[in-house]
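Listed here are the chains, written in short residue letters.
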Amino acid sequence: MHLVLFIIFAGFCLAGAINLLLQTHPINSALSLIVVMSSLAVLYLLLGAEFLAIAQIIVYAGAVMVLFTFVVMLLNVGVEEKTHGSKIAKAIGFPAAVVILGVIATVVLEAQKSLGQVSLSDGITTTQNLSRVLFRDMLLPFELTSVLILIAILGAVALARKEGHS
Amino acid sequence: MWNDVPSSWYLVLSALLFTLGVFGFLIKRNLITVFMSIELMLNAVNLSFVTFAHEWHAVKGQIFVFFVMVVAAAEAAVGLAIIIAIFRARNTLNVDQIDLMKL
Amino acid sequence: MFLLFSILKVVVVTVVLLTAVAYTVLLERKLVGRIQNRWGPSRVGPFGLLQPLVDGLKLFLKEDMIPTNVYKPLYLLAPLIALGCALLSIAVVPFGEPITWHGVKFFEIADLNIGLLILLGVTSISVYGIALAGWSSNNKYSLLGALRSSAQMISYELALGLSLVGVVLRTGSFSLADIVKAQSVHGIASWNVFGGGQIIAFFIYLTAAYAETNRAPFDLPEAETELTGGYHTEYSSMKFAMFFMAEYANMITVGCVATLLFLGGWTSPFGDLIPPPQNIFLHALIPILWFVAKVFFFLFLYIWVRGTLPRFRYDQLMGYGWKYLVPVAMLNIVGTSLVLAFP
C-alpha cells in the first residue's frame, strides 16, 4: 500500500517537474509546480510528518503559489520567447547537474541497506511533539524568522509601490 | 513488501527534483519560471530533510523544514515584488534582455 | 469490508450534501423574498418545494456555450476545482455521536489528527478555482473580478485561521471529534462560545467566513451590477451550476465548522439533565438532529445578513480584513493564552 502510494505520488512529482520545464506559458509551469507541491505534501504524510504536510498545502500550495499565479496573470507577458540563452551555462551547467545527480544517487543507493525503511506503521510526529521542540529548544530561531517575515513584508510593499507616491 | 519503501528512494527522488530544478534554472527564459525552478529546488531539499528526520527520529529535521518554508515564502514575496518592479522598468520578462544594468 | 463501508459512507454523505445544497438555494430565495416583502418561489409544488428539481433540470438542459478564445484546459478545470474543494471538506466533519457498530465508525467519514487544518488547506486550494476561471475566460471583467475575489479570499483566510486558534488552544487538539467531545461536558455552559469564552472569536470567524465564501456584504467581486458577473460571466449551464453549487456547499461547510467549533457540534444544550434514550436508534438520531438544527441556524443567519446589509466597497473590505479583523483575532489568541496560562 505504501509502495503503491509512493510510486503514484512520486510519479506525479516527477511529471509535474518535467512539465514545468517543457511548458512555454508560465501559467502552465505554475500549475505544474502546484501539482509537485501537493504530491510532496502527500509524501510528507507518508513519512509521518502530518503537520508539515498540511503546512505545505496551506503555505506553499495555497499562498506562495497563489502569489506566483497572481503575478503571472497580472503581468500577462504571454508565451516565452526563444532567445539565445547562455551557451556557457548550458555547456557546463547540464553536465555538472547530471554529475551531481549521479554522485548523490550512487552514494544513496550504496547505503540503501543501512538507511532503513519507511513503513506505514511507523509513528506519526504529532503536532504536540513538533511544537514542544519548536517553542522550547528552537525559540530563538522561531522569533528570528518572525522578524524576517516582517522585514520581507516591508520590503515587498516598498518595492511594489509605483513611483510618484509621496 | 507492499508496506515498506526504502528511505533511499525518497532521497533519490529528492535529488532528481533538485536536478530538474537546476535544469529549469538554466534553460528557461522567463524570469518567473526561473524563480519557480528555485522554489522547486527548495522543495526537493525539504523532502530530504523530512526523510532524514524520519530516519533518525529527530523532530528538529521537521522544524528545519518549517524554517525553510518560511524563508522561501519571504523570498517569494520580495522576489516577486522585484520582478514587478523590473517589468515596470523594462517592459519585458525575458532573462536575456534584462541581463545588463544599462538599458 | 472497511473499504466498502467507507465508500458507502462517502456516497451517502455526498448525496445528502448535494440535496442540502439544492434546498439551501430554495431556502435563500424564499427567505430573501420574505425579507423583501414578497413570496419567493411558491408555484412549483407545495410551498415551492419542487423548485430545486426544476432549477436543476433547467441548468442541465441549457445550451452549453464555450466562447472561442478561452484557454480550454483551465476553463474546464476551474469549476471542477471549485466544486471538488467545496465537497471535500465534509469528509472530516462529525455529524453525530461517534458510535462503533459492528466495527464501523459511524457519523464521520474520517477522524484525522489534523482535521481542522485540512479544512483550512482545502479553503486555500479553492482560491485556484476562482482565479483560473477568471484567467481562462479571456475577458477583462472576469479577470478583474477573479483577481479581486481571490485577493479577498486569501486576505480573510488569515483572520479565519487565527480565530480558530483560540478554540484549538482550549482543546489541545486539531481533531474535530476531540473538539466536539471537549464541549459535551456540561451542555450549553461548556460550548465554546459561552463557557469557553470564545465569543469574540465566534464573531470574527463568522465575518471572515462571509468574506471567504464571497457572500453577504462582501460579494462585490460577483455582484451583477459591479462586474457583470465577475469570474463566472463566461460560464453557462452545468459549469455555472458547479460554481453555484460550490458557493452554497461552502456556506454549508462554514455552518458545519461554526457549529463544531463554537456551538458544541452534535451535543445537546441540555447536557446531562436529560438522560440519553435507551433505544440505540434514537440515541444515534438525536445528536444528528441537534447538529442539523444548528447548521440550519447558521444558514438562516447567512441569508438574513445577505438580505439586510449593503455591500462593502472593495477597499473598505480589504482594509477591514487586514487592519481590523487580524489584530482583534491576535488579541483573542493572546487573551485565551493568558487565561489558560494563569487559571
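Residues numbered from 1 in each chain as written. Chains lettered and ligands numbered in written order. Predicted model: local features only at pLDDT ≥ 70, side-chain atom pairs only at ≥ 80, totals over all residues.

Quick rundown of the overall build of chain A? Include the residues and the values.
A count of helices and strands for chain A gives 7 helices and 1 strand. What you see in chain A, going N to C, is helices and strands ordered as α-α-α-α-α-β-α-α. Against the 2.2 N^0.38 benchmark of 15 Å for 166 residues, chain A shows a C-alpha radius of gyration of 20 Å, more extended than a compact globule. Seen along its three principal axes, the alpha-carbon backbone of chain A occupies a region of about 60 × 45 × 30 Å. Considering chain A as a whole, with its 166 residues, one finds that 33% of them fall into the buried category. When contacts within chain A are restricted to residue pairs at least 6 apart in sequence, long-range pairs at least 24 apart make up 56% of them. (Helix = DSSP H or I, 4+ residues; strand = E, 2+ residues; numbered from the N terminus. Rg over C-alpha atoms; globule rule 2.2 N^0.38 Å. Buried ≥ 20, exposed ≤ 12 C-beta atoms within 10 Å, placed from the backbone. Contact = placed C-beta atoms within 7 Å.)

Just give me the short version of the overall build of chain C, but keep the residues and values in it.
Along chain C, the regular secondary structure elements total 11 helices and 2 strands. The linear arrangement of helices and strands in chain C, starting from the amino end, is α-α-α-β-β-α-α-α-α-α-α-α-α. Dimensions along the principal axes, computed over C-alpha positions, put chain C at roughly 60 × 45 × 45 Å. Here chain C holds 343 residues, and 45% of them are scored as buried. Taking as baseline every contact in chain C between residues at least 6 positions apart, the subset at least 24 positions apart corresponds to 79%.

So what about the arrangement of the chains? Which residues, and what values?
Of all 2 pairs of chains that touch, the greatest number of contacts is found between chains A and B. The two units chain B and chain C remain apart, with a minimum C-alpha distance of 14 Å.

Could you give an account of the nonpolar core, naming the residues involved and the relevant values?
Core analysis: the largest hydrophobic core is formed by 165 residues, its most contacted members being Met65(A), Ala82(C) and Tyr205(C). Top element by residues in this core is helix 3 (residues 50-75) of chain A. It accounts for 17 residues. Here this core spans two domains, and each of domain 1 (1-79) and domain 3 (126-166) of chain A adds at least three residues to it. If we ignore the near neighbours within four places in the chain, the residues touching Tyr205(C) are Leu160(C), Ser163(C), Leu164(C) and Ala258(C). (Core = buried A, V, L, I, M, F, W, Y, C linked by C-beta atoms within 7 Å. Domains from an automatic or database assignment.)

Break down unusual backbone geometry for me, citing the residues and quoting the values.
Both trends apply: most residues other than glycine have a negative phi, and most peptide bonds are in trans. With a phi angle near 60°, Asn91(B) is a residue other than glycine that sits in the positive phi range. Of note, Asn91(B) is situated in the segment after helix 3 (59-90). Taking the C-beta count within 10 Å as the criterion, Asn91(B) has 10 such neighbours and is therefore assigned exposed. Positive phi values are uncommon outside glycine, yet Asn214(C) reaches one of about 60°.

With reference to specific residues and values, describe helix 4 (residues 115-136) of chain C.
All names here are of chain C. With 22 residues, helix 4 extends 32 Å between its outermost C-alpha atoms, agreeing within 8% with the 32 Å of an ideal straight helix rising 1.5 Å per residue. Of all 22 residues that make up helix 4, 22 are buried, and the element is covered over most of its length. Where helix 4 terminates, the next one or two residues include Asn138, which has phi positive at roughly 60°. (Expected span 1.5 Å × (residues − 1).)

Residue-level account of the interface of chain C and chain A, with values.
Taken together, the contacts link 16 residues of chain C with 15 residues of chain A. Among the secondary structure elements, those contributing two or more residues to the side of chain C that touches chain A are helix 4 and helix 5 (140-171) of chain C. If one sorts the elements of the side of chain C that touches chain A by residue count, helix 4 of chain C sits on top with 9 residues. Within the side of chain C that touches chain A, the residues separate by chemical class into 12 nonpolar, 4 polar and no charged. (Nonpolar A, V, L, I, M, F, W, Y, C, P; charged D, E, K, R; others polar.)

Provide a residue-level description of the interface of chain B and chain A, including the pertinent values.
Tallying the contact residues gives 60 residues for chain B and 75 residues for chain A. Looking at the side of chain B that touches chain A, the elements that each hand over two or more residues are strand 1 (4-6), helix 1 (7-27), helix 2 (31-55) and helix 3 of chain B. Considering each element in turn, the side of chain B that touches chain A owes the most residues, 22 residues, to helix 3 of chain B. Both strand 1 (residues 117-119) of chain A and strand 1 of chain B contribute to a ladder of 3 bridges, which runs antiparallel. Each residue of the ladder has a partner; that of Ser119(A), found in strand 1 of chain B, is Asp4(B). (Pairing = 2+ DSSP bridges.)

Give a detailed account of helix 2 (residues 26-46) of chain A, specifying residues and quantitative values.
Residues and elements named next belong to chain A. Here helix 2 contains 21 residues, and its C-alpha end-to-end distance of 30 Å stays within 8% of the 30 Å for a straight helix at 1.5 Å per residue. Burial of helix 2 is extensive: 17 of the 21 residues sit out of reach of the surface. Once helix 2 ends, the next one or two residues include Gly48, with phi positive near 90°.

An account of the confidence of the model for chain C is requested, with residue identities and associated values reported.
Interpreting fine coordinate detail is not advised for predicted regions of low pLDDT. All names here are of chain C. Mean pLDDT over chain C: 85, with 97% of residues reaching 70 or higher. Mean pLDDT across the elements of chain C bottoms out in helix 8 (residues 224-227) (58) and peaks in helix 7 (residues 199-212) (92). Model confidence for the complex is summarised by a pTM of 0.90, with the ipTM given as 0.92. (pLDDT = per-residue confidence, 0-100.)

Now, about the environment of Ala133(C): what can you tell me, with residues and values included?
Residues and elements named next belong to chain C. Turning to its location among the elements, Ala133 is positioned in helix 4. Here Ala133 falls in the buried class, since 30 other C-beta atoms lie within 10 Å of it. Along the primary structure Ala133 and Gln278 are separated by 145 residues, whereas in three dimensions their C-alpha atoms are 52 Å apart.

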